[in-house]
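The primary structure of each chain is shown beneath.
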Amino acid sequence: FGKEDEVPPDQGERALYDTARKNLDSSNFDLAIKNLQLLEARYPFGPYAEQAQLELIYAHYRNYDHEEAVAAADRFITLHPGHPHVDYAYYLKGLINFAEKEGLVAYFAGSDMSDRDPKTAHEAYLSFKEVVTRFPDSRYAADSAARMRHLVNSLAQHDVYVARYYLRRGAYLAAANRAQGAVSN
């Protein structure tokens, strides 16, 4: 990092938050993350602390630090279950897992995701479901519902893929159970 990327040690809370926002707006996510973490460490009970935690989820997500982003979302949800923007934390957590399910290479290559582990798709579904059920009036509810429909179809395609695998192997009962699961779930 060059001199312009360094975090001045004597910034106040508002100045540190403004610097972090400027870095987020200019897509300098590494430095935004550093500023937000520093703000949270220096002013854990200040007026910008909770907002910094939300911004940190987004910064990690945009920086492709998906594990860090999910951890930050879980932390925010646990620490602030009644926060007015907790719906955004659930929504971001869903987006993070949704992006993990889709995968950047698979998106551009047009690869079929039904043969992959559905764990992140299921986790994304649960996060979006939380938004839709707990926050039906949220600005993120409609998009969450649409993504849930997509995920249901993806999970069903995965079950069909597994059922076909069992069928090729001669495990007819397992294939029937998996196909029945795709239809019922």
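Nothing here was measured: the structure is a model prediction, and the numbers come from that model.

S.K.: Explain the overall build of the chain to me, please; I cannot follow it from the model alone.
M.R.: For the chain, the helix and strand inventory stands at 9 helices and 0 strands. Moving toward the C terminus, one meets the helices and strands of the chain in the order α-α-α-α-α-α-α-α-α. Here the chain holds 185 residues, and 40% of them are scored as buried. Element-wise, carbon and sulfur atoms account for 53% of the exposed surface of the chain, whose accessible area totals about 10,900 Å².

S.K.: Explanation requested: the side chain of D159 in the structure shown.
M.R.: Relative to the assigned elements, D159 resides in helix 8 (residues 141–168). Residues contacting D159, with those up to four places away along its chain left out, are R178, G181 and A182.

S.K.: Is there a simple way to explain the nonpolar core in this structure?
M.R.: Counting 25 residues, the largest nonpolar core has I57 and F128 as the members making the most contacts within it. Sorting the residues of this core by element identifies helix 3 (49–62), helix 4 (66–79), helix 5 (86–102), helix 7 (119–134) and helix 8 as the ones contributing at least two each. When residues in this core are grouped by element, the largest group, 8 residues, is from helix 5. F128 has contacts with Y91, G94, L95, F98, S144, R147, M148 and L151, leaving out every residue within four places of it along the chain. Core analysis: the second largest hydrophobic core is formed by 13 residues, L16, A20, L24 and A32 among them.

S.K.: Sorry if this is basic, but what is going on with unusual backbone geometry here?
M.R.: Leaving glycine out, the prevailing phi sign among residues is negative, and the prevailing peptide bond configuration is trans. The phi torsion at S27 lies on the positive side, around 60°, for a residue other than glycine. With respect to the element layout, S27 can be found in the loop between helix 1 (13–25) and helix 2 (29–42). Under the relative-accessibility criterion, S27 is labelled partly exposed at 44%. Located in the positive-phi region is Y64, a residue other than glycine, with phi close to 60°. Along the chain, Y64 turns up in the loop between helix 3 and helix 4.

S.K.: Any chance you could explain the packing of helix 2 against helix 3 here in plain terms?
M.R.: For any two helices packed against each other, the geometry is given by the interaxial angle and the distance between the axes. Their axes nearest at 9 Å, the elements helix 2 and helix 3 cross at an angle of 155°. Of the possible angle classes, the one that applies to helix 2 and helix 3 is roughly antiparallel. Seen along the crossing, helix 2 lies across helix 3 with a hand that is left-handed. From helix 2, F29, I33, L36, Q37, L39 and E40 reach across to helix 3, where they touch A49, A52, Q53, E55, L56, Y58, A59, H60 and R62. Across the contact of helix 2 with helix 3, the residue classes tally to 9 nonpolar, 3 polar and 3 charged.

S.K.: Would you mind going over the packing of aromatic side chains with me for this structure?
M.R.: Within the structure shown, the criterion is met by 7 aromatic pairs. Residues Y91 and Y140 carry aromatic rings whose centres are separated by 4.7 Å and whose planes lie at 25° to one another, so their mutual orientation is stacked. With Y91 in helix 5 and Y140 in the loop between helix 7 and helix 8, the pair connects residues that are 49 residues apart, well separated along the chain. The two residues Y91 and Y140 agree in class, both being buried. For the pair Y165 and Y166, a centre-to-centre distance of 6.0 Å together with 55° between the ring planes defines the contact as tilted. For R147, the ring lying beneath its charged end belongs to F98, and the centroid distance is 4.9 Å.

S.K.: Where do I start with the side chain of N97 in this structure?
M.R.: By secondary structure assignment, the location of N97 is in helix 5. Taking the relative accessible area as the measure of exposure, N97 reaches 4% and is therefore buried. Setting aside chain neighbours within four positions, we find N97 in contact with V70, T120, E123 and A124.

Calculation notes
- Residues numbered from 1 in each chain as written.
- Predicted model: local features only at pLDDT ≥ 70, side-chain atom pairs only at ≥ 80, totals over all residues.
- Heavy atoms only, no water.
- Helix = DSSP H or I, 4+ residues; strand = E, 2+ residues; numbered from the N terminus.
- Buried < 20%, exposed > 50% of the residue type's maximum accessible area, 1.4 Å probe, protein only.
- Areas by Shrake-Rupley, 256 points an atom, 1.4 Å probe, with all protein chains shown as cover.
- Contact = heavy atoms within 4.5 Å.
- Core = buried A, V, L, I, M, F, W, Y, C linked by side-chain atoms within 4.5 Å.
- Axes fitted to C-alpha atoms, helices over the stretch in contact; angles between N-to-C directions.
- Parallel < 35°, antiparallel > 145°, perpendicular 65-115°, else oblique.
- Left-handed = near helix turned anticlockwise from the far one by under 90°.
- Nonpolar A, V, L, I, M, F, W, Y, C, P; charged D, E, K, R; others polar.
- Phe/Tyr/Trp six-rings, centres within 6.5 Å; stacked < 30°, edge-to-face > 60°.
- Lys NZ or Arg CZ within 6 Å of the ring centre and 35° of its normal.

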